[in-house]
Amino acid sequence: MTATIRPAEKRDVPALAELIEEIERFYGAADTDIQPLEERLAQVEEALFGSPPLAAALLVEDDAGDLAGLAAYSFLWPAAGSSHSLFLKELYVRDSLRRAGVGARLMEELRAVAAARPGCGRLEWMTDRDNPGARAFYRSLGFAEYEGKVVYRVDPRTR
């Protein structure tokens, strides 16, 4: 099976909203944790196509033209000095295309996006320490883990 990688377009919002539910379930979300479809549709459209957009995404299409994966990213400033970085938030490939080189192709496309953007000095991402599959995938591409940062996360609506 082959795959095409391309930037997300507004017409992709419904398929992306469905894929996001699949990603949530992949990470173990229960039915009660899944955001209603209408909310997902609105948030995907706002995030990728609002004014200004909050993020961007590269999409993977399979032979049938169905969405089979994504790389969602944003640019962050500042990175080193006054440069900025491309931050990969989510890399996901459906089972049908896993272990077929699609994830590696997505990473190469992200490198190209970062390299083409003036002032972008880094491509950064995170994975959970208890996700040996993801860690092995990144190692197989020659990426070393960076031990220098501690990640903090807080819900802005709670104290």
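Residues numbered from 1 in each chain as written. Predicted model: local features only at pLDDT ≥ 70, side-chain atom pairs only at ≥ 80, totals over all residues. Heavy atoms only, no water.

Trainee: Before we move on, could you go through the sheet that holds strand β3 (residues 67-76) and cite the residues and values that matter?
Mentor: Read across the sheet, 5 strands follow the order β1-β2-β3-β4-β5 without closing on themselves; strand pairing throughout is mixed. Edge strands, defined here as strands with exactly one partner in the open sheet, are β1 (4-7) and β5 (120-125). For this sheet, the mean angle separating the axes of adjacent strands, direction not counted, is 25 degrees. By the bridge criterion, 5 bridges tie strand β4 (residues 84-93) to β5 in an arrangement that is parallel. Counted as the bridge partner of L86 is L123 from β5. Contacting β2 (56-61), β3 and β4, helix α1 (residues 13-26) runs over the sheet at an angle of about 90 degrees to β3. Contacting β1, β2, β3, β4 and β5, helix α3 (residues 102-116) runs over the sheet at an angle of about 160 degrees to β4. (Pairing = 2+ DSSP bridges. Helix = DSSP H or I, 4+ residues; strand = E, 2+ residues; numbered from the N terminus. Axes fitted to C-alpha atoms, helices over the stretch in contact; angles between N-to-C directions. Contact = heavy atoms within 4.5 Å.)

Trainee: Explain the packing of α1 against helix α2 (residues 37-49) to me, using residue names and the numbers behind them.
Mentor: Packing of α1 against α2 brings their axes to within 9 Å, and their N-to-C directions diverge by 115 degrees. Viewed along their axes, α1 and α2 form a crossing whose handedness is right-handed. Contacts between α1 and α2 involve V13, P14, L16, A17, E18, I20 and E21 from the first element and L37, R40, L41, V44, E45, L48 and F49 from the second. Looking at side-chain class alone, the contact of α1 with α2 contains 10 nonpolar, no polar and 4 charged residues. (Left-handed = near helix turned anticlockwise from the far one by under 90°. Nonpolar A, V, L, I, M, F, W, Y, C, P; charged D, E, K, R; others polar.)

Trainee: Help me get a handle on the pairing of β2, residues and values and all.
Mentor: Along β2, 5 of the 6 residues are buried, which leaves the element largely enclosed by surrounding structure. As paired elements, β1 and β2 share 4 bridges and run antiparallel to each other. Paired with R6 across the bridge in β2 is L59. Across 6 bridges, the pairing between β2 and β3 is antiparallel. Each bridged residue has a counterpart across the sheet, and for A57 the counterpart in β3 is A72. Linking β2 back to β3 in an antiparallel pair, the connection comprises 5 residues, with G65 at a positive phi of about 85 degrees. (Buried < 20%, exposed > 50% of the residue type's maximum accessible area, 1.4 Å probe, protein only.)

Trainee: Provide a residue-level description of the nonpolar core, including the pertinent values.
Mentor: Formed by 21 residues in total, the largest nonpolar core has its most connected members in V60, L106 and L110. Among the elements of the structure, β2, β3, β4, α3 and α4 (132-140) are those that each provide at least two residues to this core. Looking at this core, the element that brings in the most residues is α3, giving 5 residues. Judged by nonpolar contacts, the second largest core, of 15 residues, contains V13, V44, L48 and L59. (Core = buried A, V, L, I, M, F, W, Y, C linked by side-chain atoms within 4.5 Å.)

Trainee: Describe unusual backbone geometry, and please don't skip the residues or the numbers.
Mentor: Note: most peptide bonds trans; most residues except glycine with negative phi. Look at the link from S51 to P52: it is a cis peptide, with omega at 0 degrees. Its location among the elements puts P52 in the loop between α2 and β2. With omega at -5 degrees, the peptide bond leading from W77 into P78 counts as cis. Even without glycine at this site, R99 takes up a positive phi of about 65 degrees.

Trainee: Explain the confidence of the model for the protein residue by residue, including any values.
Mentor: Detailed reading of predicted coordinates is not advised where the pLDDT is low. Overall, the predicted model of the protein reaches an average pLDDT of 93, with 99% of residues at or above 70. Between the elements of the protein, mean pLDDT differs from a low of 93, seen in β5, to a high of 98, seen in β2. (pLDDT = per-residue confidence, 0-100.)

Trainee: So, the environment of R117: which residues are in play, and what are the values?
Mentor: With respect to the element layout, R117 can be found in the loop between α3 and β5. Its relative accessible area of 39% is what places R117 among the partly exposed residues. Sequence-distant contacts of R117, that is, excluding residues within four places in its chain, are made with F75 and H84.

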